[in-house]
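Breakdown of the fold
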Amino acid sequence: GTASLIIAVQSVYPPPPLPPQPLGPPAENQISLQFISPVWANRPSPAISTILQWGIFCIWNNSFRNLSGNISDTVNSNFQLNGTVLNYSLVGLLPGTEARCQTRMQTPVGWSGWSQQGPVGKTLSVCGNGYREWSDTEECDDGNTIDQDGCNRNCTVTLGWSCSKVIGKSADTCYSGCGNGALDVGEVCDDANLKRGDGCSISCMVEPGWLCTAPKSSPS
């Protein structure tokens, strides 16, 4: 008979790390991440499975300021590639920034492939800086933290006012008169009341899931 020889070839290059995960709680000017190495169960030798460095590549965007870019970095390490984790922070970011990152690892035999992109990480919004960064936390932002000027210190619209962006300005401009039944400057709707849940909000903006039509003539 004929003898056959089967040779098992095992890669000495590590598998890519897992996607980096955002860590909470969020902060105003940084995004914290956790890097996770894979479990390399059949590694050829512990001597070649030490993580010497992590490579980081992040794409970030701040749509409120029309800014975007990317960040590349490396971090020294001395961990065994066996499900270990490393915490890392993207610092110096502006409020309202979101970023997605991916990582790779360097071992004594070279670099692994890049991980998949991780979930989106976000910085917090800051009330009073003139930017309405996240709509779920700021109804308005007029650039100050003064109450009863249309946009309150916690960036909620003052009852009876409406706030809107003006071309050439980053901060909201607020107007009184919401709820009088007339479609005044800065209002998208005005149903002559200051109630929630009826289609036109207390800041005279159309509520989600509703459609408001303008009257043929404003009340006198």
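In this report, we go over the structure that sits alongside the text. From a predicted model like this one, the values you see are computed outputs, not experimental measurements.

1. Comments concerning the overall build of the chain
When you go through the chain residue by residue, the secondary structure sums to zero helices and ten strands. When the helices and strands of the chain are placed in sequence order, the string is β-β-β-β-β-β-β-β-β-β. Of all 220 residues assigned to the chain, the portion counted as buried reaches 36%. Put simply, the chain shows about 12,400 Å² of open surface, and 54% of that area lies on carbon and sulfur atoms.

2. Points about the nonpolar core
Counting 17 residues, the largest nonpolar core has Ile31, Leu33, Phe35, Trp54, Cys58, Tyr88 and Leu90 as its most contacted members. Looking at this core, the element that brings in the most residues is strand β3 (residues 50–62), giving five residues. Grouped together as the second largest cluster of nonpolar side chains are five residues, Cys140, Cys151, Val157 and Cys174 included.

3. Quick word on the pattern of salt bridges
By the definition in use, this model includes three salt bridges. The salt bridge partner of Arg65 is Glu133, with a shortest N-O separation of 3.1 Å. Residue Arg65 is located in the loop between β3 and β4 (67–80), and its partner Glu133 is located in the loop between β8 (121–122) and β9 (161–165); the two are separated by 68 residues in the primary sequence. Summarising the burial analysis for this pair, Arg65 and Glu133 share the class buried. Asp147 is the partner of Arg153 in a salt bridge, and the nearest nitrogen-oxygen pair spans 2.8 Å.

4. Some details on the sheet that holds strand β5 (residues 85–91)
The strand order β1-β2-β5 describes an open sheet built from three strands, whose pairing is antiparallel. Edge positions in the open sheet fall to β1 (18–23) and β5, since each of these has one partner strand only. Strand after strand, the sheet turns through a mean of 30 degrees between neighbouring axes, direction not considered. Pairing of β1 with strand β2 (residues 30–36) involves four bridges; the strand directions are antiparallel. Residue pairing across strands places Leu18 opposite Ile36, the latter belonging to β2.

5. Describing the state of the cysteines
What the rule picks out here adds up to six disulfides. What pairs with Cys58 in a disulfide is Cys101, and their sulfur atoms sit 2.0 Å apart. As the torsion about the S-S bond is roughly 110 degrees, the Cys58-Cys101 disulfide counts as right-handed. With Cys58 in strand β3 and Cys101 in strand β6 (residues 98–107), this pair connects stretches of sequence that are 43 residues apart. Comparing Cys58 with Cys101 shows no difference in burial state: the two are buried. In this model Cys178 forms its disulfide with Cys204; the gap between the sulfur atoms is 2.0 Å. Disulfide Cys178 to Cys204: torsion about the S-S bond roughly 100 degrees, handedness right-handed. One end of the pair, Cys178, is in the segment after β10 (172–176); the other, Cys204, is in the segment after β10, and 26 residues separate them in sequence.

Calculation notes
- Residues numbered from 1 in each chain as written.
- Predicted model: local features only at pLDDT ≥ 70, side-chain atom pairs only at ≥ 80, totals over all residues.
- Heavy atoms only, no water.
- Helix = DSSP H or I, 4+ residues; strand = E, 2+ residues; numbered from the N terminus.
- Buried < 20%, exposed > 50% of the residue type's maximum accessible area, 1.4 Å probe, protein only.
- Areas by Shrake-Rupley, 256 points an atom, 1.4 Å probe, with all protein chains shown as cover.
- Core = buried A, V, L, I, M, F, W, Y, C linked by side-chain atoms within 4.5 Å.
- Salt bridge = Lys/Arg side-chain N within 4 Å of Asp/Glu carboxyl O.
- Pairing = 2+ DSSP bridges.
- Axes fitted to C-alpha atoms, helices over the stretch in contact; angles between N-to-C directions.
- Disulfide = S-S within 2.5 Å.

Any functional reading would require information that these geometric values do not contain.
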